[in-house]
Amino acid sequence: MLSMSMLHKVFVSYHHDLDESYKKIFELRFGNAYGAIIPAGVDLGDIDPNLPTETIREKIRDEYLRGASVTVVLVGTLTWQRKHVDWEISSTLRDTKLNRRGGLLGILLPAYHTAHFGGKRGKDDPHTIPPRLHDNVEAGYAMLYDWSEDAGDVQTWIHEAYLRKARVEPNNGRDLFGKNHAGSRWQ
């Protein structure tokens, strides 16, 4: 049994068009088991795309990520392409007046493995996960895991991400996506 000190509020970042079903499963399974999921995300139309990039980043961090201590990125087939995922990761890595920097981790969805590796788990291609997430895996700030049905495993991953944020500096140096990207890989 996990102690109360291991429970954290979690923001879930994902590709809305392709991975909504996984997000719902994640929230139901792990939110119900531990009550640690903030069911929020940035949907198309939520934020005026004509605002300056810095204003958008602040809105994501201070309004949508408010109160979350860890961001979980559900990595599907084309998650790396999405500007909102990039902005959510970038916002997670920043300290603002209203929120402290958050922990970060990625979970490779079964669809990711099917699309890129014929269903073989345990593999990933760095150029098929969100670039900013990849940068932070390389920096030791974030970790990547395969999808798990075990709520205890997932909660442990979340707690470890929370602890890492105090020990490791994130890498947030990449330019923000100005628009969604295309292609099967980012390099």
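This text follows the structure it describes.
Below is a short write-up of the structure. This one's a predicted model, so the numbers in the text were calculated from it and none came from an experiment.

With that settled, consider the packing of aromatic side chains. A full pass over the atoms with the stated rule returns three aromatic pairs. Where Y22 meets W147, the ring centres are 5.5 Å apart and the plane angle is 65 degrees; that geometry is what we call edge-to-face. Taken together, the residues span a long stretch of sequence, with Y22 in helix α1 (residues 16-34) and W147 in the loop between β5 (142-146) and α6 (151-167) at a distance of 125 residues. Pair check on accessibility: Y22 and W147 agree, each one buried. Arranged with centres 4.2 Å apart and planes meeting at 5 degrees, the rings of Y145 and W157 form a pair that is stacked. Taken as a pair, Y145 in strand β5 and W157 in helix α6 lie far apart in primary sequence, twelve residues in all. Given the relative accessible area of 11%, W157 is considered buried. A network of ring pairs unites the aromatic residues Y22, F26 and W147 as a single cluster. Across from the ring centre of W186, 4.9 Å away, lies the NZ or CZ of R174, which sits over that ring.

Conventions we followed
Residues numbered from 1 in each chain as written. Predicted model: local features only at pLDDT ≥ 70, side-chain atom pairs only at ≥ 80, totals over all residues. Heavy atoms only, no water. Phe/Tyr/Trp six-rings, centres within 6.5 Å; stacked < 30°, edge-to-face > 60°. Helix = DSSP H or I, 4+ residues; strand = E, 2+ residues; numbered from the N terminus. Buried < 20%, exposed > 50% of the residue type's maximum accessible area, 1.4 Å probe, protein only. Lys NZ or Arg CZ within 6 Å of the ring centre and 35° of its normal.

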